[in-house]
Amino acid sequence: MSYRKRTAALATAAALAGSAVWMAAPAAMAEVVNVNYACKTPIGDKSAVSPIDIKGVRSGSGYKITMSWQKGVSSSPVELGAGSMKPSATITLGGADSGTLAVTGPANQAAIPENTPIKINDLSGTYTPKKTGKVTFTAGVLTIKALGTTTTCTPTNNAGPSLTLDVTASGGGSSTGGGSTSGGATSDGGSGGGLPQTGPEDSAIALGTLGGTVLLAGAAGALWLTRRGRTARVPR
């Protein structure tokens, strides 16, 4: 094979390698999971099924985690006025980390009619990784406080995780969280607004940089072969 063909082949291989590295950038895995809730209410036991969506976005050294319910759970025999119902929940951590993450949110902005499924606003909290690896986030216990009463809803169907993140421990090693829950988690008191995009941005950036390095290495190799070919043709 001539040096020109070798040069072209090397440059093509470098470009393909860079593209492959970029395409391999890991993304968070998220899916909506149906959770069967068994609720202990002031008027007796209730049950409900709601699809749960959990999303995460990088925020400083941690992640803002947002949990949302696509269907209402439980109900009240009387109307709940605006601001009278306050929800909170826990998210169970698994995989490389363990413990729970507390998520909170605003009270209901509008009145909830009697005997109507209670729609939970988005709840959010901040998760700071204490270990490196893939961490799963699974719906835990939902707590609803209204009119001086407390209702607790516990998942009963061993629902799988709604979110998996590939994380790096804060400070490059094991660390402890700054909140009242384990797993380096603190509640955030989310606003119930739009959901953030999912997935750690730094992983994609790091692998994109690696892909650029591969491309530069290929270009350097191509230049070396070209100069070597020219040198070989210089008469002695």
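Below is a summary of the structure that appears in this document. (Residues numbered from 1 in each chain as written. Predicted model: local features only at pLDDT ≥ 70, side-chain atom pairs only at ≥ 80, totals over all residues. Heavy atoms only, no water.)

1. As for the environment of alanine 111
Piece 1. Tracing the backbone shows alanine 111 in the loop between strand 6 (99-104) and strand 7 (123-127).
Piece 2. Spatially, the C-alpha atom of alanine 111 lies 7.0 Å from that of glutamate 79, the residues being 32 residues apart in sequence.
Piece 3. If we skip the residues at most four places from it in the chain, alanine 111 touches Glu79, Leu80, Gly81 and Ala82. (Helix = DSSP H or I, 4+ residues; strand = E, 2+ residues; numbered from the N terminus. Contact = heavy atoms within 4.5 Å.)

2. Side note on the environment of glutamine 109
Piece 1. Structurally, glutamine 109 is set in the loop between strand 6 and strand 7.
Piece 2. Its relative accessible area of 55% is what places glutamine 109 among the exposed residues.
Piece 3. Taking the C-alpha atoms as reference points, glutamine 109 and glycine 83, separated by 26 residues in sequence, lie 5.8 Å from one another.
Piece 4. At 3.3 Å, the side chain of glutamine 109 forms a polar contact with the side chain of asparagine 121. (Buried < 20%, exposed > 50% of the residue type's maximum accessible area, 1.4 Å probe, protein only. Polar contact = N/O pair within 3.5 Å; in protein donor to acceptor, adjacent residues only side chain to side chain.)

3. What to know about the nonpolar core
One broad trend across soluble globular proteins is that nonpolar side chains are buried collectively.
Piece 1. Tyr37, Ile65, Met67, Trp69, Tyr127, Phe137 and Leu142 are the most contacted members of the largest nonpolar core, which totals 36 residues.
Piece 2. At the level of elements, strand 2 (33-41), strand 3 (44-59), strand 4 (62-69), strand 5 (85-95), strand 6, strand 7, strand 8 (133-146) and strand 10 (163-167) are the ones that each hand at least two residues to this core.
Piece 3. Here this core gets six residues from one element, more than from any other, and that element is strand 8. (Core = buried A, V, L, I, M, F, W, Y, C linked by side-chain atoms within 4.5 Å.)

4. Details of the side chain of threonine 41
Piece 1. Along the polypeptide, threonine 41 turns up in strand 2.
Piece 2. Within polar-contact distance, the side chain of threonine 41 engages the backbone oxygen of glycine 44 at 2.4 Å.
Piece 3. The contacts of threonine 41, once residues within four sequence positions are left out, are Lys46, Ser74 and Thr151.

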